[in-house]
Amino acid sequence: MSWTDERVAILSKLWADGLSASQIAAELGGVTRNAVIGKVHRLGLSGRAKPSSSGVKRVKRAPRSSSYNSRPRSSSRVPALNKGSGGFNNSARNAVEDMVAPVAKKLQLVELSEKTCKWPHGDPATDDFYFCGNPTKEDAPYCEYHCRLAYQPTTDRRREKKVANG
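The following refers to the structure shown. (Residues numbered from 1 in each chain as written. Predicted model: local features only at pLDDT ≥ 70, side-chain atom pairs only at ≥ 80, totals over all residues. Heavy atoms only, no water.)

A few points about the overall build of the protein
Within the protein, the secondary structure is distributed over six helices and two strands. Secondary structure elements in the protein, listed N-terminal to C-terminal, are α-α-α-α-β-β-α-α. A burial count over the protein gives 28% of its 166 residues as buried. Within the protein, counting contacts between residues at least 6 apart in sequence, those at least 24 apart form 50% of the total. A total of about 12500 Å² of accessible surface is found on the protein, and carbon and sulfur atoms cover 51% of it. (Helix = DSSP H or I, 4+ residues; strand = E, 2+ residues; numbered from the N terminus. Buried < 20%, exposed > 50% of the residue type's maximum accessible area, 1.4 Å probe, protein only. Contact = heavy atoms within 4.5 Å. Areas by Shrake-Rupley, 256 points an atom, 1.4 Å probe, with all protein chains shown as cover.)

And the structure:
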């Protein structure tokens, strides 16, 4: 299909009338929506004289509140329990604060087994990176202390989210 002067004139008129590229392609026949869009751009046709009326009204979303995603982030991969919210809800924080943190055995990756805690400490890009290495809970990758950090009850997370959203 080639763009004749007559087809270009029809395209220009339909575009100015506010028809969509798909509607114009159907009207012209033998041309795709993308071909119409390409020709409109090559011709440098201006914006629509009037918007196409699809009959569907768009609903504008309410702007997000200023508190959205404003939770402070810890620079370390391992959350700090003593800093502000630190990403933990109160019940999870309390459950962990009631426990004494185990002394890490500072294992390297090759020293880990199914029975050693795989909780990372530090930055993996540095030489002082290590894993906890203490005995794991049954059927878990972490020791008792790190399981409480890693796994929070769903109901507690939902309750905290409701409180935060008001």
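Remarks on the nonpolar core
If you look at the biggest cluster of nonpolar residues, it comprises ten residues: Leu 11, Leu 14, Trp 15, Ala 21, Ile 24, Ala 25, Leu 28, Val 31, Val 36 and Val 40. At the level of secondary structure, the elements contributing two or more residues to this core comprise helix 1 (5-16), helix 2 (21-28) and helix 3 (33-43). When residues of this core are assigned to their parent elements, the largest contribution, four residues, is made by helix 2. Core analysis: the second largest hydrophobic core is formed by nine residues, Cys 117, Cys 132, Tyr 142 and Cys 143 among them. (Core = buried A, V, L, I, M, F, W, Y, C linked by side-chain atoms within 4.5 Å.)

What to know about helix 3
Three or more residues of helix 3 are buried, namely Val 36, Gly 38, Lys 39 and Val 40. Contacts made by the buried residues of helix 3 are with helix 1 and helix 2. Looking one or two residues beyond helix 3, the residue adopting positive phi is Gly 44, at roughly 70 degrees.

Re helix 1
Relative to the 16 Å expected for twelve residues at 1.5 Å per residue, helix 1 spans 16 Å between its end C-alpha atoms, a close match to the ideal helical length. Every buried residue belonging to helix 1 is among Arg 7, Val 8, Leu 11, Leu 14 and Trp 15, and all of these are buried. The buried residues of helix 1 occupy an angular sector of 130 degrees when projected down its axis, which confines them to one face. What points out from helix 1, more than 90 degrees from its buried face, is the exposed set Asp 5, Glu 6 and Lys 13. On its buried face, helix 1 sits against helix 2 and helix 3. Backbone geometry just after helix 1 places Gly 18 at a positive phi near 95 degrees. (Expected span 1.5 Å × (residues − 1). Arc of directions from axis to C-beta.)

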